[in-house]
Amino acid sequence: MGDVDTAMMTTHMLETAGANIAYDVHGPLPTAGGRPPLFMIGQPMDAGGFATLASHFPDRTVVTYDPRGLGRSTRNDGRVDHAPTVQAGDVHAVIEAPGAGPVEMFASSGGAVTALALVAAYPSDVTTLVAHEPPLIPVLPDAEAAERARAAVRDTYQAKGSHAGMAAFIAMTSWRGEFTSDYFTQPEPDPVLFGMPADDDGSRDDPLLSDRSWAVSSYRPDAAALAAAPARVVIAVGEESLGTFTGRTSLATAELLSQQATVFPSHHGGFLGGEFRYAGQPEAFARKLRDVLGDNN
């Protein structure tokens, strides 16, 4: 592997339809060694969540960005919702801006949904997509019950604030198996048990706990368009996530695309280091990602 100066990082602002998008380029363009840039995207997480993972790719030019309305990216479209098809257009614009050609992409959570929409709409933008744990409700056999569980998180957040809402979200995303009557009849989770205060901070605009990102979890991938695209699409799932909500959506999405999900180390945030106090196994995760991308060949 060649060396790239990790201190070489430039930040850019790009005007797209209805938004100003901030993105960072870690490393040189054109890239060293002829490999395409490695684009890392999340949602509602912004570029800051990829600091640890990017540090494990010092030989690659890594691009990260903040989705519209999140982090440093502002929007002037008069909307507050987060739609994967709209975000796909922003990512397409960022890929085109440096003139570096198609990219390899690691996309996690809502970012994985955006990435699937990107490959369907702009099939020449990506050579390999690793879509890690896309939270896609329509692919589940219990989709109606999952929608009810999602609505309960929103309702708790609207009634009691972010701490109660986050406790409900954790309970939903850690539940194993389908959302049966056992799930809906359990006691409402206490935020104190998750290390959070019980008070209401007054916020009601959280993209994760409100219904502002429902377009993300309600998205259904275009399997025909993805199959026709030249990109290699890999659905990834954390070994600790198997059986949980995003573990089940990952396996179901892989089945929709006529493949088996590729198992990665750790959990939904397995690539995280010290970000968000939700550390995974970033070194092992990066090794697996290199294997999937062919960097170790």
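This is a predicted model, so every value here is computed, not measured.

Draft legend 1. Summary view of the packing of aromatic side chains. If you walk through the whole model with that rule in mind, you get 11 aromatic pairs. With 4.9 Å between their ring centres and 70 degrees between their planes, F179 and Y183 make a pair best called edge-to-face. Across the pair, Y183 and F179 agree in class, each one buried. An angle of 50 degrees between the planes, with centres 4.9 Å apart, marks the rings of F264 and F285 as tilted. Separated by 21 residues along the polypeptide, F264 in strand β9 (residues 262-264) and F285 in helix α10 (residues 282-293) bring together distant segments of the chain. As far as burial versus exposure is concerned, F264 and F285 are alike and both buried. One aromatic cluster in this structure is built from F50, F106, F264, F271 and F285. Over the aromatic face of F184 sits the side chain of R148, whose NZ or CZ is 3.8 Å from the ring centroid.

Draft legend 2. Summary view of the nonpolar core. In this structure, F39, M105 and L129 are the most contacted members of the largest nonpolar core, which totals 41 residues. It is helix α3 (residues 110-121) that contributes the most residues to this core, seven residues altogether. Counting residues in hydrophobic clusters, the runner-up holds 20 residues, among them M45, L53, F264 and L272.

Draft legend 3. A look at the side chain of S213. Residue position: S213 is located in the loop between α6 (181-184) and α7 (214-217). Accessibility expressed as a relative area gives 12% for S213, which makes it buried. A polar side-chain atom of S213 sits 2.8 Å from the main-chain carbonyl oxygen of P207. Those residues in contact with S213, other than ones at most four positions away along the chain, are Q43, H82 and P207.

Draft legend 4. Main features of helix α9 (residues 245-256). Taking 1.5 Å per residue as the helical rise, α9 with its 12 residues ought to reach 16 Å, and the 16 Å between its terminal C-alpha atoms agrees with that figure. A large share of α9 lies buried, amounting to nine of its 12 residues. Turning to α9, its buried residues number three or more, namely F245, T246, G247, R248, T249, S250, A252, T253 and A254. Contacts from the buried residues of α9 go to α3, α5 (162-174) and β8 (232-238). Directly beyond the C-terminal end of α9, a positive phi value near 60 degrees is found at S258.

Draft legend 5. Representation of the pattern of salt bridges in the model. Summed over the entire model, instances satisfying the criterion amount to 18 salt bridges. Residues R72 and D66 are paired through a salt bridge, measuring 2.8 Å at the closest nitrogen-oxygen approach. You can call D66 buried: its relative accessible area is 2%. Across the pair E283 and R287 runs a salt bridge whose closest N-O atoms are separated by 3.6 Å.

Draft legend 6. Geometry of the pairing of strand β4 (residues 62-65). The two faces of β4 match: V62 and T64 on one face and V63 and Y65 on the other face are all buried. Two elements, strand β2 (residues 19-26) and β4, share four bridges in a ladder whose sense is antiparallel. What sits directly across from H26, in β4, is V62. Where strand β3 (residues 38-41) meets β4, three bridges bridge the pair, whose relative direction is parallel. The residue of β4 that forms the bridge with L38 is V62.

Draft legend 7. View of the confidence of the model for the protein chain. Overall, the prediction assigns the protein chain a mean pLDDT of 95, with 97% of residues at 70 or greater. In this model, residues 1-6 is a region of pLDDT below 50 whose contacts with residues beyond four sequence positions or in other chains number 11 contacts.

Draft legend 8. Focus on the pairing of strand β1 (residues 9-16). Direction of pairing for β1 relative to β2: antiparallel, over a ladder of eight bridges. Bridge pairing in β2 places E15 opposite N20. Here β1 folds back onto β2, and the loop between the two strands holds two residues, one of which, G18, carries a positive phi near 85 degrees.

Reading the values: the criteria
Residues numbered from 1 in each chain as written. Predicted model: local features only at pLDDT ≥ 70, side-chain atom pairs only at ≥ 80, totals over all residues. Heavy atoms only, no water. Phe/Tyr/Trp six-rings, centres within 6.5 Å; stacked < 30°, edge-to-face > 60°. Buried < 20%, exposed > 50% of the residue type's maximum accessible area, 1.4 Å probe, protein only. Helix = DSSP H or I, 4+ residues; strand = E, 2+ residues; numbered from the N terminus. Lys NZ or Arg CZ within 6 Å of the ring centre and 35° of its normal. Core = buried A, V, L, I, M, F, W, Y, C linked by side-chain atoms within 4.5 Å. Polar contact = N/O pair within 3.5 Å; in protein donor to acceptor, adjacent residues only side chain to side chain. Contact = heavy atoms within 4.5 Å. Expected span 1.5 Å × (residues − 1). Salt bridge = Lys/Arg side-chain N within 4 Å of Asp/Glu carboxyl O. Pairing = 2+ DSSP bridges. pLDDT = per-residue confidence, 0-100.

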